[in-house]
Amino acid sequence: KIQHNHGKFGYIISLDNFLQKFRSNHSLSKTTKNRYLTRSMLQGKIKFPKLNSWNTDMTFFQNKRSIKNESTIKQNWNSILISGFNENLDLSLEYGSIDKKSLLSYSFNIEKKIIGMLLKFSFFSESKPSHPFYYSQLDNVVKSLKVEKNISKTLTLNQSLGKSSFQSRIAFNEGINPFWTGNEKSTTLFLKINGQFLSNFNYSVYYNYEKDITYHTGGLGDWFGVDLDFSKELFQNNMNLNFRINLKNYNKRISKIYFNPIEMIPSNDGIFYEFGNMTMLNFRITMKVSSIMFQYDWINLLEILKIHENSETFNELTFNPMMPNNGWQKQISIVWNFLN
């Protein structure tokens, strides 16, 4: 990466390369043979002088990607991105092409403070090459199958009321993958309240509603949660202890979209997977002394409790229909921030 300023102008040149050799012998694997993935991107950016609090950048991209299995599939595409932003608004427009098929992406974000409230509206439309994995077994791929699209519209409201705060967000997402039947649409409504009982006791309550469940939602439907935080200073404030309890309850988990855990791409097999309610209780304790922090996490405390007396089944968590259930997890972390 090379970065330099010349007068009021600036430029950045960067090159990224990635090479992966992959082999998997699993029931979810498409093949047990060696596979190779290469990915490279050359980027050049020009930063123009600031004009009336407005910043403008122009970026050029050269992209190359290929996978090799029984045969080699190559993708080469170029694009140019123009973006501008100031304190309350940012815009971007990107245009490119792959095999004479246009790639057009654009976005804008607006922020506005009104009577103590912060409103933000975001719009994002992205066109990008379909992953070559989807048509790696096809001999001829028409141009219309080489581009997928994602559209997102989000409205967020934040308001502070003394020691409390409120956040709400509504989002509309749409994914258009030419290899799937129909579009994947989802509508999300998220509400969160933060508050404080005492100077050292904080809480958060949140709720998430999903009209439809797609891979954009992580395969999860409606859920609600509670966070409880308690902190205490000891030894003349030389030691800080923090306790956190996190509770989440998931329901309405029906999905036909999931991430293939072996191939690591979104999959749509047309089969609806339905799961029951799922409750997850987590605990964390953190001790900080000077520049050293010790942290202990216990994820899924309820796993130690049996569902009923004669059951050997514990509170196992299911996030992916193609993966085994998850039990509990304990983790110890030690972080030392050196003073130098």
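All values reported here derive from a predicted model rather than from experimental measurement.

Comments concerning the overall build of the protein chain
Part 1 of the argument: Scanning the protein chain from terminus to terminus reveals zero helices and 19 strands.
Part 2 of the argument: Counting every position in the protein chain, which comprises 340 residues, the buried fraction comes to 34%.

A look at the environment of Asn320
Part 1 of the argument: Structurally, Asn320 can be placed in the loop between strand 18 (292-299) and strand 19 (329-336).
Part 2 of the argument: Residue Asn320 is classed as buried on the basis of its relative accessible area of 14%.
Part 3 of the argument: Separated by 60 residues in sequence, Asn320 and Asn260 place their C-alpha atoms 8.6 Å apart.

Thoughts on the pattern of salt bridges
Part 1 of the argument: Inspection of every chain in the model, using the stated rule, returns three salt bridges.
Part 2 of the argument: Note that Asp229 is salt-bridged to Arg244, the shortest N-O span being 2.9 Å. Highlighted residues: Asp229 in strand 13 (residues 223-234) and Arg244 in strand 14 (residues 239-250), separated in sequence by 15 residues.
Part 3 of the argument: Given the relative accessible area of 14%, Asp229 is considered buried.
Part 4 of the argument: Between Asp297 and Arg284 there is a salt bridge, with the nearest N and O atoms lying 2.6 Å from each other. Pair noted here: Asp297 is in strand 18 and Arg284 is in strand 17 (residues 278-289), with a separation of 13 residues, a long-range link.
Part 5 of the argument: Judged by relative accessible area, which is 7%, Asp297 ranks as buried.
Part 6 of the argument: The partly exposed category is assigned to Arg284, whose relative accessible area is 33%.

What to know about a nonpolar patch on the surface
Part 1 of the argument: A contiguous nonpolar surface patch, about 780 Å² in accessible area, is contributed by Ile2, Phe9, Tyr11, Ile13, Leu15, Leu42, Ile46, Phe48 and Phe60.
Part 2 of the argument: Secondary-structure elements contributing two or more residues to the nonpolar patch are strand 2 (9-22) and strand 3 (35-47).
Part 3 of the argument: Ranked by residues supplied to the nonpolar patch, first place goes to strand 2 with four residues.
Part 4 of the argument: Counting through the fold element by element, Ile46 comes out in strand 3.

A look at unusual backbone geometry
Part 1 of the argument: With a phi close to 50°, Asn52 is a non-glycine residue in the positive phi region.
Part 2 of the argument: Relative to the helices and strands, Asn52 resides in the loop between strand 3 and strand 4 (55-68).
Part 3 of the argument: Classification of Asn52 as exposed rests on a relative accessible area of 69%.
Part 4 of the argument: For Asn237, which is not glycine, the phi dihedral falls at a positive 65°.
Part 5 of the argument: The topology assignment puts Asn237 in the loop between strand 13 and strand 14.

Observations regarding the side chain of Ser66
Part 1 of the argument: Mapped onto the elements of the fold, Ser66 is located in strand 4.
Part 2 of the argument: A polar atom in the side chain of Ser66 sits 2.5 Å from the side chain of Thr38.
Part 3 of the argument: Setting aside chain neighbours within four positions, we find Ser66 in contact with Tyr36, Leu37, Thr38, Ile73 and Lys74.

As for the pairing of strand 10 (residues 164-176)
Part 1 of the argument: Examined bridge by bridge, strand 9 (residues 147-161) and strand 10 share 13 bridges and lie antiparallel to one another. What sits directly across from Thr154, in strand 10, is Ala171.
Part 2 of the argument: Two successive antiparallel strands, strand 9 and strand 10, enclose a turn made up of two residues, where Gly162 displays a positive phi of approximately 65°.
Part 3 of the argument: The sheet contact formed by strand 10 and strand 11 (residues 184-198) spans 11 bridges and is antiparallel. Bridge pairing in strand 11 places Phe166 opposite Ile193.

Some points on the packing of aromatic side chains
Part 1 of the argument: Counting across every chain of the model gives 10 aromatic pairs.
Part 2 of the argument: Both rings, one in Phe190 and one in Trp223, keep their centres 6.3 Å apart while their planes meet at 50°; by these two values the pair is tilted. Here the residue Phe190 occupies a position in strand 11, and Trp223 occupies one in strand 13, the gap between them amounting to 33 residues.
Part 3 of the argument: Judged by its relative accessible area of 14%, Trp223 falls in the buried class.
Part 4 of the argument: For the ring pair Phe197 and Tyr203, a centre distance of 4.8 Å and an interplane angle of 25° mean the geometry is stacked.
Part 5 of the argument: Overall, the relative accessible area of 21% leaves Tyr203 in the partly exposed class.
Part 6 of the argument: The ring of Trp223 has Lys248 sitting right over it, with the charged end atom 5.0 Å from the ring centre.
Part 7 of the argument: Here the guanidinium or amino end of Lys330 rests over the ring plane of Trp328, the centre of that ring lying 4.8 Å away.

A closer look at the confidence of the model for the protein chain
Part 1 of the argument: In this model, the protein chain carries a mean pLDDT of 84, and residues with pLDDT of at least 70 account for 86%.
Part 2 of the argument: Across the protein chain, the element-wise mean pLDDT spans from 66 in strand 15 (residues 253-259) up to 94 in strand 6 (residues 89-98).

Cut-offs used in this document
- Residues numbered from 1 in each chain as written.
- Predicted model: local features only at pLDDT ≥ 70, side-chain atom pairs only at ≥ 80, totals over all residues.
- Heavy atoms only, no water.
- Helix = DSSP H or I, 4+ residues; strand = E, 2+ residues; numbered from the N terminus.
- Buried < 20%, exposed > 50% of the residue type's maximum accessible area, 1.4 Å probe, protein only.
- Salt bridge = Lys/Arg side-chain N within 4 Å of Asp/Glu carboxyl O.
- Patch = residues over 30% accessible without salt bridge, like charges linked within 9 Å, V, L, I, M, F, W, Y side chains within 5 Å.
- Areas by Shrake-Rupley, 256 points an atom, 1.4 Å probe, with all protein chains shown as cover.
- Polar contact = N/O pair within 3.5 Å; in protein donor to acceptor, adjacent residues only side chain to side chain.
- Contact = heavy atoms within 4.5 Å.
- Pairing = 2+ DSSP bridges.
- Phe/Tyr/Trp six-rings, centres within 6.5 Å; stacked < 30°, edge-to-face > 60°.
- Lys NZ or Arg CZ within 6 Å of the ring centre and 35° of its normal.
- pLDDT = per-residue confidence, 0-100.

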